[in-house]
Amino acid sequence: MTLTATPVTDAAVAAPQAPVTVSGRAFPTNRGGLCKKGWTSAELLASPERILEPMLKQADGSFAPASWDDALDLVAEKLRSTRAEHGADAVGVFGGGGLTNEKAYQLGKFTRVALGSSRIDYNGRFCMSSAAAAGNRAFGLDRGLPFPVDALDAAATILILGSNVAQTMPPFIGHLEGARQAGGLIVVDPRRTATARLTEDGAGMHVQPTPGSDLVLLLGLTHIVIADKLADRDYLDSRTTGFEALRRSVSAWWPERVQQKTGVPVWQLRDLARRLAAGRASGVGTYILTGRGVEQHADGTDTATAAINLSLVLGLVGTSHSGYGTLTGQGNGQGGREHGQKCDQLPGYRKIADPADRAHVAGVWGVDPDTLPGVGLPAVQLLQSLGQPGGVRTLLVHAANVVVSAPNAGAVREGLAALDFLVVCDFFFSETASLANVVLPVTQWAEEEGTVTTLEGRVIRRRKALDAPAGVRSELWILQQLAERLNAPSTWSAVPAEVFDELGRATAGALADYSGLSHALLDTDVPAFWPFPIGSAGTPRLFQERFAHADGRAHIVAVRPVTTDATAQLDGNITLVTGRLLEHYQSGAQTRRVPELLTAQPAARLQVHPATAELLSIVDGGWVEVANDRGTVRCRAQVTTDIRLDTVFLPFHFAGEGRANSLTSDATDPISGMPEFKKTTVRVRALQEAGALV
Ligand SMILES: Nc1nc2c(c(=O)[nH]1)N[C@H]1C(S)=C(S)[C@@H](COP(=O)(O)OP(=O)(O)OC[C@H]3O[C@@H](n4cnc5c(=O)[nH]c(N)nc54)[C@H](O)[C@@H]3O)O[C@H]1N2
Ligand SMILES: Nc1nc2c(c(=O)[nH]1)N[C@H]1C(S)=C(S)[C@@H](COP(=O)(O)OP(=O)(O)OC[C@H]3O[C@@H](n4cnc5c(=O)[nH]c(N)nc54)[C@H](O)[C@@H]3O)O[C@H]1N2
Ligand SMILES: [Mo]
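Please read all numbers here as calculations on a predicted model, not as lab measurements.

A few points about the site of ligand 1
Taken together, the neighbourhood of ligand 1 is formed by 32 residues, with Gly212, Asp214, Arg580, His584 and Gln586 sitting nearest. Between ligand 1 and Val188 there is a distance of 3.1 Å, counted from a nitrogen atom to a backbone nitrogen or oxygen. Note that an oxygen atom of ligand 1 is positioned 3.0 Å from one of the backbone N or O atoms of Arg292. Of all the elements in the fold, those that place two or more residues in the shell around ligand 1 are helix H6 (165-168), helix H14 (292-295) and strand S19 (573-579). It is H14 that contributes the most residues to the shell around ligand 1, 3 residues altogether. Its residues assigned to classes, the shell around ligand 1 comprises 9 nonpolar, 16 polar and 7 charged. Domain assignment of the residues forming the shell around ligand 1 places at least three in each of domain 3 (145-326) and domain 4 (573-693).

A closer look at the packing of aromatic side chains
Scanning all chains against the criterion turns up 14 aromatic pairs. Considering the side-chain rings of Phe94 and Phe126, the 6.1 Å spacing of their centres and the 45° angle between planes classify their relative orientation as tilted. A residue pair is termed long-range when its members are at least 10 positions apart, and Phe94 in strand S3 (residues 91-95) and Phe126 in the loop between strand S4 (120-122) and helix H5 (129-139) qualify at 32 residues. Overall, the relative accessible area of 1% leaves Phe94 in the buried class. Between Phe139 and Phe543, the aromatic rings sit 5.2 Å apart at their centres with planes inclined by 40°, giving tilted as the arrangement. Highlighted residues: Phe139 in helix H5 and Phe543 in the loop between helix H22 (519-522) and strand S18 (554-555), separated in sequence by 404 residues. Here Phe139 matches Phe543 in class, with each residue buried. One residue, Arg143, lies across the ring of Trp530, its end atom 5.9 Å from the ring centre. The lysine or arginine in question, Arg191, covers the ring of Phe649, its NZ or CZ lying 3.6 Å from the ring centre.

What to know about the site of ligand 2
Ligand 2 sits among 29 residues. The nearest are Asn123, Ser405, Asp426, Glu475 and Ser587. In the environment of ligand 2, an oxygen atom lies 2.9 Å from a nitrogen or oxygen atom belonging to the side chain of Lys103. Within the backbone of Cys425, one N or O atom sits 2.8 Å away from a nitrogen atom of ligand 2. Protein contacts shield 96% of the accessible area of ligand 2, which totals 920 Å² for the unbound molecule. Grouping the constituent residues of the shell around ligand 2 by class yields 12 nonpolar, 12 polar and 5 charged.

A look at the sheet that holds strand S15 (residues 438-441)
Strand pairing within a sheet occurs via backbone hydrogen bonds; the two strands may be parallel or antiparallel. The strand order across the open sheet formed by 7 strands is S2-S1-S15-S14-S13-S3-S4, and the pairing between neighbours is mixed. Of all the strands in the sheet, just strand S2 (63-65) and S4 have a single pairing partner and so form its edges. Looking at each pair of strands side by side, their axes are set apart by 20° on average, direction ignored. Both strand S1 (residues 55-57) and S2 contribute to a ladder of 3 bridges, which runs antiparallel. The residue of S2 that forms the bridge with Met55 is Pro65. On top of the sheet, helix H3 (residues 68-86) reaches S1, S3, strand S13 (394-398), strand S14 (421-426) and S15; it is set at about 130° to S15, its chief contact. Of the strands in this sheet, S3, S4 and S13 are in contact with helix H4 (residues 101-114), which crosses S4 at around 155°.

Overview of the sheet that holds strand S6 (residues 185-188)
The parallel open sheet is built from 5 strands, whose spatial order is S7-S6-S5-S9-S10. Here the strands that pair on one side only, and so sit at the sheet edges, are strand S7 (204-207) and strand S10 (323-326). Averaged over all pairs of adjacent strands, the angle between their axes in this sheet comes to 10°, without regard to strand direction. Where strand S9 (residues 286-290) meets S10, 4 bridges bridge the pair, whose relative direction is parallel. Each residue of the ladder has a partner; that of Thr290, found in S10, is Thr326.

Here's the deal with the UniProt feature "domain: Molybdopterin dinucleotide-binding" (unreviewed entry) in the protein chain
When the UniProt feature table is mapped onto this chain numbering, "domain: Molybdopterin dinucleotide-binding" (unreviewed entry) sits at residues 575-680. Between the end C-alpha atoms of residues 575-680 the distance is 6 Å, and the span holds 11% helix and 26% strand.

Brief notes about unusual backbone geometry
Note that the residue after Trp530, namely Pro531, is joined by a cis bond; omega there is 0°. Take Pro531: it is sitting in the loop between H22 and S18. Unlike most non-glycine residues, Asp201 shows phi in positive territory, near 55°. If you trace the backbone, Asp201 turns up in the loop between helix H8 (194-197) and S7. A positive phi angle, close to 75°, is found at Ser490, a residue other than glycine.

Some details on the pattern of salt bridges
Summed over the entire model, instances satisfying the criterion amount to 31 salt bridges. The closest approach of N and O atoms between Arg270 and Asp228, which form a salt bridge, is 4.0 Å. Taken together, the positions of Arg270 in helix H13 (residues 266-281) and Asp228 in the loop between helix H9 (214-227) and helix H10 (233-239) put the pair 42 residues apart, joining distant regions of the chain. Note that Glu431 and Arg592 form a salt bridge whose closest N and O atoms lie 3.0 Å from each other. In this pair, Glu431 is assigned in the loop between S14 and S15 and Arg592 in the loop between S19 and helix H23 (595-600), connecting sequence segments 161 residues apart. With a relative accessible area of 22%, Glu431 lands in the partly exposed category. Taken together, the shared-partner salt bridges in this structure form one network comprising Glu449, Arg461, Arg463 and Asp523.

Topic: the domain arrangement of the protein chain
For the protein chain, the assigned domains are domain 1 (3-46), domain 2 (55-126 + 332-464 + 471-492), domain 3 (145-326) and domain 4 (573-693). Taking the mean C-alpha position of each, domain 2 and domain 3 sit 37 Å from one another. Summed over both partners, the interface of domain 2 with domain 3 buries about 450 Å², with 53% contributed by carbon and sulfur atoms. Sorting the residues of domain 2 by area buried against domain 3 places Phe126, Leu455 and Glu456 first, and these three jointly supply 92% of that buried surface. Summed over the shared surface of domain 2 and domain 3, the number is 0 salt bridges.

Observations concerning the environment of Ala558
As for its placement among the helices and strands, Ala558 is situated in the loop between S18 and S19. The class for Ala558 is partly exposed, based on a relative accessible area of 35%. Separated by 144 residues in sequence, Ala558 and Glu414 have C-alpha atoms that sit 40 Å apart.

Quick notes on the rules
Residues numbered from 1 in each chain as written. Chains lettered and ligands numbered in written order. Predicted model: local features only at pLDDT ≥ 70, side-chain atom pairs only at ≥ 80, totals over all residues. Heavy atoms only, no water. Near = heavy atom within 4 Å. Polar contact = N/O pair within 3.5 Å; in protein donor to acceptor, adjacent residues only side chain to side chain. Helix = DSSP H or I, 4+ residues; strand = E, 2+ residues; numbered from the N terminus. Nonpolar A, V, L, I, M, F, W, Y, C, P; charged D, E, K, R; others polar. Domains from an automatic or database assignment. Phe/Tyr/Trp six-rings, centres within 6.5 Å; stacked < 30°, edge-to-face > 60°. Buried < 20%, exposed > 50% of the residue type's maximum accessible area, 1.4 Å probe, protein only. Lys NZ or Arg CZ within 6 Å of the ring centre and 35° of its normal. Areas by Shrake-Rupley, 256 points an atom, 1.4 Å probe, with all protein chains shown as cover. Pairing = 2+ DSSP bridges. Axes fitted to C-alpha atoms, helices over the stretch in contact; angles between N-to-C directions. Contact = heavy atoms within 4.5 Å. UniProt positions renumbered as here; feature names shortened; annotations may be inferred. Salt bridge = Lys/Arg side-chain N within 4 Å of Asp/Glu carboxyl O. Buried area = accessible area lost by both parts, 1.4 Å probe.

See the structure below:
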């Protein structure tokens, strides 16, 4: 039997076996492959750094072990007293897209029912929210890929905007092979990434725009498609609304102007537009996919909308051979965003502000709908409120390491320090857990049952493979114990299959309907694509007949760039792009604890173009300082032609002086609340050694 480990890839299916080894399993999303982090994640189960007992912060700042009863009594007491003194919204919860569907669901319920608080949001706000908002706006529904992932295999043309899948989802690149063979893989990234390299040798095209200029690029492509009569007018007439406004809005984005704003040559724009249309016309298929590179901007929702608009003008979405999708991030990036961790959301994508949705869910929970709180604060604003008057004073963190991963992380650290009480559930003393008053050690993926939902909306079962260490507990058990201590209404199961059944009832009739599913059904070979109401066979391809809006049509929403500032400036400022390395996962809380991965990438390095390096007297391997008004990073330089002259790159996996998020801004997209991780203005200077200016 095999075990697919992953907080990392999408396909996570575990079967009993000890000791745990990790191997790939044949599964459509990963084709039996696993990325490097997957192969080593088993090491974390027995890591010597694992927390094995509840830990309480002492007066001198050190941690001492405590019994579960004492720790939970203390936490319940603080939750009660904060609420009594400052009101229910003074208690906040921060969740994560790595949680199973059961845990994500229970966390949302616990916040609304046991705490009576509206203040819950999660790290998926940093991750999936702009594409989700764009999908909702255009299609009335957000499912990462509205088609099965292996549909990509047959496509002649695949356009990937702002994703480095070769390093962030290595098993996925098998699905790009067909397009590569056809010469039709197009990668849009300001860096020459491992994914961009897949387009070499006739396999396709790498387009290298200035960071943050994708919206203009997409408007320009839409302009060419319409001007060159490549638009699918029948499709636009029968399946969409809003085309006229779009046509007018792109009319000003002629190719030469787009070239000037994006740096992408006119010939490439024209070639790209033609290729997209040809793949569609041939019937073989064209897919447009977006990743964090285009979404993590203050205009991320509009940029994702522009990608959708281009897809609609080409007639791709809801056909049997083409489509648009966004690539999921965390282990349960899709399911984690469906079941109530978002501040405006109830399970199944129900809306907490909608009276009918409130009534349905309150009915399942056995509470009066009027007792449910209203809309809370999205993640960045929630973090900004920590310790502030009227803000959150006691915070529970589940599956996020915000001290490293949140934007403007220095301010987040100050906010956490200003809290009355911080509780973190984790397996390790992450940088965030280290600041807590109480750390509660939880089970890891191989030690628990649960479900996750893949980027294609497919629900899969993860099975327990081995027993957890004696002192750790599952999050469902912890929430049950706290609910009991708080005398919360409703019932609180700690059995994942039971929680899943309740989740099914709470989502019945909703957009993300899981009511026809159960753990038992997921044990069979039934491909469980939601919506999966009782009596259904699931929905691998969405939107074939109609979109999810009341009128059944896709809504084209004309968008335009708000700022188109030049990024390379003469005053020494330069644009910082942040993202990922193959060897590390997210805040690095897990992968920095795997010796093999830490040896491969021990510290942050700043990617700089040789010409920029020469101008700034930076040498390869030399120390540099990257700074702005928010903070300073000191690290070594990596001089490489893979990056544009006007851009530098830092991974965000490191803490301390190498923490990229010391520099990023907590400005957010007005629609999605997504922060601008991918474009930050910084000053770069050479240092003679760690700390000393050249
Ligand atoms: N190794 C590894 N794999 C991971 C993760 C990890 O931490 N490490 N995390 C997982 C998670 S949660 C996520 S969300 C996914 C993310 O997966 P990706 O979206 O593939 O990851 P990123 O590296 O954040 O960004 C992708 C690319 O966007 C480019 N980019 C930056 N700015 C722009 C821009 O303005 N325009 C365009 N077109 N491109 C731009 C960057 O150069 C980068 O190569 O990966 C998942 N897989
Ligand atoms: N500059 C910059 N910043 C970014 C990004 C970027 O591209 N650039 N990307 C953003 C994105 S897309 C994301 S998704 C975020 C992610 O960033 P984080 O939220 O920091 O994600 P992780 O590092 O995975 O942190 C998860 C923590 O929870 C623990 N954990 C894992 N599973 C569980 C569980 O089941 N229960 C509990 N209680 N704990 C668990 C892990 O040990 C770890 O400490 O970072 C965002 N930050
Ligand atoms: Mo993510």
